[in-house]
Amino acid sequence: MDTEHTSLEMIVGNLGGRLRAVREARGLDVESCAHALRLPTKVLRQLENNEYAGIDYQVYLGGYLTKYARYLGVDDAEVKAELEHIKLSQPTLVATGGISHSRYLLENYARAATYVVLTAAIVVPTIWLGVRGTLDRDVSHLAPLDATPVAQADAPAPAATAPASQAVGSEAGRDAVASVPVDQPPSATPAPQAPAAPAPVAQDQQPLMASMAPFPNLTDATHPASAPPASDSVGNGAHSLALTLQSASWVEVTTKDGARLEYGLLPAGSTKTYHSDQALEVRIGNANGAQVMLDGQPMALDNYRRSNVAHFRIDMRDGKAAPAGA
């Protein structure tokens, strides 16, 4: 037992030399062993030279030594003794610095305060610039909804126009009052004079009135209702195409040679007739309210209407006008 223990102490720290000696005794080179073990040749040389600085002690070194020793037939006890020696020789980790809890909290709060200050420096000017236009508005000309309308508050009271006889009587009464002696009371007391009407308020100084009541249609009150446009006729020819529009529609009428008899928006209630001896191509928007007469005969648009747009062609066949699809 003492001899075995002494041999283990001798190989501790010299496992690399033991591995090299066994490999050389078997006549193997490092390259062949590395190829068989699928390990880098550099790693095997480090193991034989006891150079473990470039290998992770905890993960790879134990596996490399065990694998290489078993391949060469070295006892596992020697490997375990070497690994124990390596672990004992590793320096212990010593904490060289630290931070107190109060300093940790101070740094976190300082970082949060920095974010808040930067956010406020960006957001506050943005909001101020956004509301600056509304703050500059003059609200002195605004009046509440329940205030008296300006036209009623500032309008002077209508003065009653007295007839000529009353005017004469008033002058006679003033003369009579003037002729009465001072010690006699007057028979009639003159009516008090009406207070002077206030000066009209300038247009730009009148307050604005807000109201929920709808405004009257001033356009209808100031302008008479316009009558629907009268019938119109365009073009020359023996055949006629008449359009009657119940609602505003876009109309395009083009002859065979490319001349446009109509190209534009016609108002509601329009009635227009197009005369031509050539073939016509017609487009009518909002065709649901359109009526078409071809040479005095009604023409249905159902076969030529698509998505409320009618598109058809008027062909001349044997001196007669006939509709056809475009």
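Taken together, five strands build an open sheet; the order of strands is β3-β7-β4-β9-β10 and the sheet is mixed. The sheet is open, and its two edges are formed by β3 (232-234) and β10 (297-299), each paired on a single side. Neighbouring strand axes in the sheet, compared pairwise and without regard to direction, differ in orientation by 25 degrees on average. Note that strand β9 (residues 290-294) and β10 share three bridges and pair antiparallel. Bridge pairing in β10 places V292 opposite M299.

Relative to the helices and strands, T66 resides in helix α5 (residues 57-72). When the C-alpha positions of T66 and A77 are compared, they lie 9.9 Å apart, and in sequence the two are eleven residues distant. One polar contact links the side chain of T66 to the main-chain carbonyl oxygen of G62, over a distance of 2.8 Å.

The next thing to look at is empty space enclosed by the protein. The full count for this structure, using the stated rule, is one cavity of 30 Å³ or more. For the largest cavity, the calculated volume is near 30 Å³. What lines the largest cavity is simply H239, S240, L241, Y274, S276, L280, L294, I314, M316 and A321. Listed by contribution, the elements that provide at least two residues to the lining of the largest cavity are β4 (239-245), β7 (271-276) and β12 (309-317). Looking at the lining of the largest cavity element by element, the count peaks at three residues for β4. Looking at the lining of the largest cavity, its residues break down into seven nonpolar, three polar and no charged.

This paragraph deals with the packing of helix α3 (residues 30-37) against helix α4 (residues 41-48). With their axes 9 Å apart at the nearest point, α3 and α4 run at an angle of 115 degrees to one another. As summarised for this structure, α3 and α4 are arranged roughly perpendicular, according to the angle between their axes. The handedness of the crossing between α3 and α4 is right-handed. Seen from α3, the contacting residues are V30, E31, C33, A34 and L37; seen from α4, they are T41, L44, R45 and E48.

This part takes up the confidence of the model for the chain. Confidence in the prediction of the chain, expressed as mean pLDDT, is 74, and 61% of residues score 70 or more. Across residues 175-188, where pLDDT falls below 50, the model places two contacts with residues more than four positions away in sequence or in other chains. Scored below 50 in pLDDT, residues 218-227 shows zero contacts in the model against residues more than four places distant or in partner chains.

Rules of the game
Residues numbered from 1 in each chain as written. Predicted model: local features only at pLDDT ≥ 70, side-chain atom pairs only at ≥ 80, totals over all residues. Heavy atoms only, no water. Pairing = 2+ DSSP bridges. Helix = DSSP H or I, 4+ residues; strand = E, 2+ residues; numbered from the N terminus. Axes fitted to C-alpha atoms, helices over the stretch in contact; angles between N-to-C directions. Polar contact = N/O pair within 3.5 Å; in protein donor to acceptor, adjacent residues only side chain to side chain. 1 Å grid on protein atoms, 1.4 Å probe; cavity = no way out; pocket = protein on both sides within 12 Å on 5 of 7 lines; lining within 4 Å. Points joined across faces, edges and corners; volume = space filled by probe spheres on them. Nonpolar A, V, L, I, M, F, W, Y, C, P; charged D, E, K, R; others polar. Parallel < 35°, antiparallel > 145°, perpendicular 65-115°, else oblique. Left-handed = near helix turned anticlockwise from the far one by under 90°. Contact = heavy atoms within 4.5 Å. pLDDT = per-residue confidence, 0-100.

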